[in-house]
Amino acid sequence: MENQNKNGKVIDLREIFKIIKERRKTFYKVLPIAFVLSCIYILGIPRYYSTNSKLAPEMENSMSSGTLGSLASSFGIDLSNMESSDAITPLLYPDLMEDNGFVARLFNIRVTNVDGDIKTTYYNYLKDHTKSSLWSYPIKWLKSLLPEEEESTPKGKGKADPYMFNKVQDGIAGAIRANIGLSVDKKTGVITISVKDQDPLICKQLADSVSRHLQEFITEYRTNKARIDLEYYQNLTAEVKHEYELARQRYGSYADANTDVILESFRSKRDDLENDMQLKFNSYSLVSTQLQQAKAKVQERTPAFTIIKGASVPIKPSEPKRMIFVLAIMFLTTFVTCVAVCRKYLINFL
């Protein structure tokens, strides 16, 4: 049981075991202290639950169905993203969490904890109802002695500017980013929404809400151009219809007022009014057809979503791993103590 270093000196493991045995009282003192301190530390950290859901959005896929697309997918390359006319491909969806505008949408999510005694917005829940580590309370107490920053209430949906967060709102946005993760499978395009929270029910509610808001964002983006066109044709149709109705009223009034008139000048004016009414009707008919096509385009551009895996209420906490942490600390303490009690012998060996 001997090891030899490059200088030819030999370390005797039996001697090390002998030293450890002689200094075993040191371990009797150090290990219980390390155990207690590690337990106090890890028990002071609030536990978190986690859940996830998987969402598959409909994508334009003109090239991936071919032989080249199949070959590329075998190497993990999604050609559909290159062929898509969308500026925001599914691979960019995880970057939405970096946008304050998208995060601000989550401020007003209504949440209820598993005990039912907390019913509020997710913003207020993170601000007033989440637990902190034990050693953070003295820091919070010191901060409470300082003048508080005036906070504008977040209204969501454009009423508060998400790009002018104050310090408190920016901290809440950071907490939301830490609790929510978005990832996309490059081969399948499946979006995975991962959520963690201190309450299991709120964890599920948040995952469902993020999935819904993500679907709304994707739908708004994919249909944006079609909805602009639809609004344009709606306004144009209303305008052309109004002009047609005015032309019809003018023709009807003139025809009723000059029923028995046989003069050619009156007939010519009547024909002109009738032709103008017909032209207005043709324009109205054409624009109405374009309006129906615009409505169909909006429906065509609206993507369909498939929930592959719905979020469930987690049963057991996912972090921190208390037992693993304590065992790791005990192992590290034992190793450091062994080095400490054998330091003189090891120095001579080196």
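First, a word on what this report is: a plain description of the structure on this page. (Residues numbered from 1 in each chain as written. Predicted model: local features only at pLDDT ≥ 70, side-chain atom pairs only at ≥ 80, totals over all residues. Heavy atoms only, no water.)

Here we take up the sheet that holds strand 7 (residues 191-197). With antiparallel pairing, four strands are arranged side by side in an open sheet as 6-7-3-8. Single-partner strands in this sheet number two, and they are strand 6 (180-184) and strand 8 (305-309). Going across the sheet, the axis of each strand differs from the next one's by a mean of 25°, ignoring polarity. As judged from the five bridges shared by strand 6 and strand 7, these two strands associate in the antiparallel manner. Within the sheet, the bridge partner assigned to S183 lies in strand 7 and is T192. Docked against the sheet, helix 9 (residues 200-222) engages strand 3 (49-57), strand 6, strand 7 and strand 8, running at close to 145° with respect to strand 7. (Pairing = 2+ DSSP bridges. Helix = DSSP H or I, 4+ residues; strand = E, 2+ residues; numbered from the N terminus. Axes fitted to C-alpha atoms, helices over the stretch in contact; angles between N-to-C directions. Contact = heavy atoms within 4.5 Å.)

It is worth spelling out a nonpolar patch on the surface at this point. Among the surface-exposed residues, I33, F35, V36, L37 and I40 lie close enough to one another that they form a single nonpolar patch of about 480 Å² accessible area. Turning to its location among the elements, F35 is positioned in helix 2 (residues 24-43). In this structure F35 comes out as partly exposed when scored by relative accessible area, which is 41%. (Patch = residues over 30% accessible without salt bridge, like charges linked within 9 Å, V, L, I, M, F, W, Y side chains within 5 Å. Areas by Shrake-Rupley, 256 points an atom, 1.4 Å probe, with all protein chains shown as cover. Salt bridge = Lys/Arg side-chain N within 4 Å of Asp/Glu carboxyl O. Buried < 20%, exposed > 50% of the residue type's maximum accessible area, 1.4 Å probe, protein only.)

Looking at the secondary structure, you find T333 in helix 12 (residues 322-341). Residue classification places T333 among the buried residues on the basis of a relative accessible area of 15%. Distance in space between the C-alpha atoms of T333 and A34 is 7.0 Å, their sequence separation being 299 residues. In contact with T333, other than residues within four places in its own chain, are V30, L31 and A34.

For the coordinates displayed, the defined rule picks out zero disulfides. Between C338, a free cysteine, and C342, which holds the nearest cysteine sulfur, the sulfur-to-sulfur gap is 6.4 Å. (Disulfide = S-S within 2.5 Å.)

Across all of its chains, the model carries eight salt bridges by this definition. Close ionic contact of K127 with D128 constitutes a salt bridge, the shortest N to O distance being 3.6 Å. Residue D229 is joined to K225 by a salt bridge in which the shortest nitrogen-to-oxygen separation is 2.9 Å. On the criterion of helical spacing, the pair formed by D229 and K225 is a turn pair, its members being four residues apart in helix 10 (residues 224-257). According to the relative accessible area criterion, K225 is exposed, its value standing at 56%. Here the salt bridges do not stand alone but share partners, grouping R250, D276 and K280 into one network.

Within the secondary structure, W135 is located in the loop between helix 6 (122-128) and helix 7 (137-144). Residue classification places W135 among the partly exposed positions, given a relative accessible area of 39%. Considered as a pair, W135 and I45 are 90 residues apart in the sequence and their alpha carbons are 9.1 Å apart. Setting aside its immediate chain neighbours within four residues, W135 contacts Y41, G44 and I45.

On to the packing of aromatic side chains. Applying the stated rule across the entire model yields eight aromatic pairs. Relative to Y284, the ring of Y244 lies with its centre 6.1 Å away and its plane at 0°, an arrangement referred to as stacked. Here the residue Y244 occupies a position in helix 10, and Y284 occupies one in helix 11 (residues 264-301), the gap between them amounting to 40 residues. By relative accessible area, which is 14% here, Y244 ends up buried. Take Y284: its relative accessible area is 21%, and that puts it in the partly exposed class. Joined through ring pairs, the aromatic side chains of F107, Y123 and F165 make up one cluster. For K196, the ring lying beneath its charged end belongs to Y48, and the centroid distance is 5.3 Å. (Phe/Tyr/Trp six-rings, centres within 6.5 Å; stacked < 30°, edge-to-face > 60°. Lys NZ or Arg CZ within 6 Å of the ring centre and 35° of its normal.)

F107, Y122, I176, I180 and L214 are the most contacted members of the largest nonpolar core, which has 35 residues in total. Listed by contribution, the elements that provide at least two residues to this core are helix 5 (100-104), helix 6, helix 8 (167-179), strand 6, strand 7 and helix 9. Residue contributions to this core peak at eight residues, all from helix 9. One finds I19, I20, F27 and C342 within the second-largest nonpolar core, a separate group that totals six residues. (Core = buried A, V, L, I, M, F, W, Y, C linked by side-chain atoms within 4.5 Å.)

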